[in-house]
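# Chains, contacts and geometry: an overview
In case you want the letters, here they are:
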Amino acid sequence: MTTETPRGTDRSFLFVLGSSRPDGNTEILARAAAEQLPAGVPQRWVDLAGLPLPDFQDGRHETDTWPAGENEETLRQATLEATDIVLASPLYWYTLSAQTKRYLDYWSGWLVDPASDFKERMAGRTLWGVTVMADDDEAVADGLTTTLNHSAAYLRMRFGGVLFGNGSRPGQVRNDERAAIRAKTFFQREAPLARFPHEEEAGRQR
């Protein structure tokens, strides 16, 4: 299992945009952070609104297989080719947008695909989050952060945390000076291996 964090041009970023409108505040903040990446680091941007997925069909206990559509296969390959996956989702009802959650639901199918080694290949990669919300209290996004951390922990990925911004009206996040400052160094942070709470507690008791 690979757990070392790739450095420099060994990294490649996939930005998954999960907003229901183009050029939204979350995308603006994600692009501000991406501008700080070294020029040699590949970036791929996918907009889930332009690659719609049907509702996920859970076939883990069925004998019939669910054929992968073109959009699903595009997203799966893009996911597996990246060392760093950035989920850029506005905060909707205190968690991820429906588009973003559906994309994560498809990870469940990729995990049990007999032709895939998805879990092994995802181990050691890094998951990041970017979200913009109308509330000034970042604690209201704890549900979103928990979802990302636990998803990363299950796959033995690293979790770089969430870049928060404030805004509601189009472009309003540009007025958030604190978010702009954070964006400049967000992807320079050391991303630790994600852990479930019981693993963290066990580590403290050793």
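The structure this text deals with has already been given above.
Read on for a plain summary of the structure. (Residues numbered from 1 in each chain as written. Predicted model: local features only at pLDDT ≥ 70, side-chain atom pairs only at ≥ 80, totals over all residues. Heavy atoms only, no water.)

### Here's the deal with the packing of aromatic side chains
Inspection of every chain in the model, using the stated rule, returns 13 aromatic pairs. Aromatic pair Y103 and W110: ring centres 6.2 Å apart, planes at 75 degrees, arrangement edge-to-face. Neither Y103 nor W110 differs from the other in exposure class; each is buried. Aromatic side chains W128 and F187 sit 5.1 Å apart centroid to centroid with 85 degrees between the ring planes, which places their arrangement in the edge-to-face category. Taken as a pair, W128 in strand 4 (residues 126–133) and F187 in the loop between helix 6 (177–185) and helix 7 (197–205) lie far apart in primary sequence, 59 residues in all. Of the residues examined, W128 reaches a relative accessible area of 1% and is grouped as buried. The rings of F13, F15, W45, W128, F186 and F187 are connected pair by pair, giving a single aromatic cluster. The ring of Y154 is capped by K119, whose NZ or CZ atom sits 4.2 Å from the centre of that ring. (Phe/Tyr/Trp six-rings, centres within 6.5 Å; stacked < 30°, edge-to-face > 60°. Buried < 20%, exposed > 50% of the residue type's maximum accessible area, 1.4 Å probe, protein only. Helix = DSSP H or I, 4+ residues; strand = E, 2+ residues; numbered from the N terminus. Lys NZ or Arg CZ within 6 Å of the ring centre and 35° of its normal.)

### Description of the sheet that holds strand 3 (residues 84–88)
Across the sheet, 5 strands lie side by side as 2-1-3-4-5; this open sheet has parallel pairing. Two strands bound the open sheet, and with one partner strand each, they are strand 2 (43–47) and strand 5 (158–166). Mean inter-strand twist for the sheet, computed between neighbouring axes without regard to direction, equals 15 degrees. For strand 4 and strand 5, the ladder comprises 7 bridges, and the chain directions are parallel. Among the inter-strand pairings, T131 is bridged to a residue of strand 5, identified as F164. Relative to the sheet, helix 3 (residues 98–112) contacts strand 1 (13–17), strand 3 and strand 4, its axis offset from that of strand 3 by approximately 145 degrees. (Pairing = 2+ DSSP bridges. Axes fitted to C-alpha atoms, helices over the stretch in contact; angles between N-to-C directions. Contact = heavy atoms within 4.5 Å.)

### Description of empty space enclosed by the protein
Which parts of space are left empty comes out when a probe the size of a water molecule is rolled across the atoms. Taken as a whole, this structure holds 1 cavity of 30 Å³ or more when the rule is applied. Lining the largest cavity, in full, are L17, G18, S19, R21, P22, D23, E27 and D47. Residues that form the lining of the largest cavity fall into these classes: 2 nonpolar, 2 polar and 4 charged. (1 Å grid on protein atoms, 1.4 Å probe; cavity = no way out; pocket = protein on both sides within 12 Å on 5 of 7 lines; lining within 4 Å. Points joined across faces, edges and corners; volume = space filled by probe spheres on them. Nonpolar A, V, L, I, M, F, W, Y, C, P; charged D, E, K, R; others polar.)

### Some points on the pairing of strand 3
Burial analysis of strand 3 places 5 of its 5 residues in the buried class, which makes it a mostly covered element. Every second residue of strand 3 is oriented toward a common face, with D84, V86 and A88 on one face and I85 and L87 on the other, all of them buried. The sheet contact formed by strand 1 and strand 3 spans 5 bridges and is parallel. Residue pairing across strands places F15 opposite V86, the latter belonging to strand 3. Across 5 bridges, the pairing between strand 3 and strand 4 is parallel. By the bridge assignment for strand 4, I85 is matched with L127.

Nothing here speaks to function; it is all geometry.
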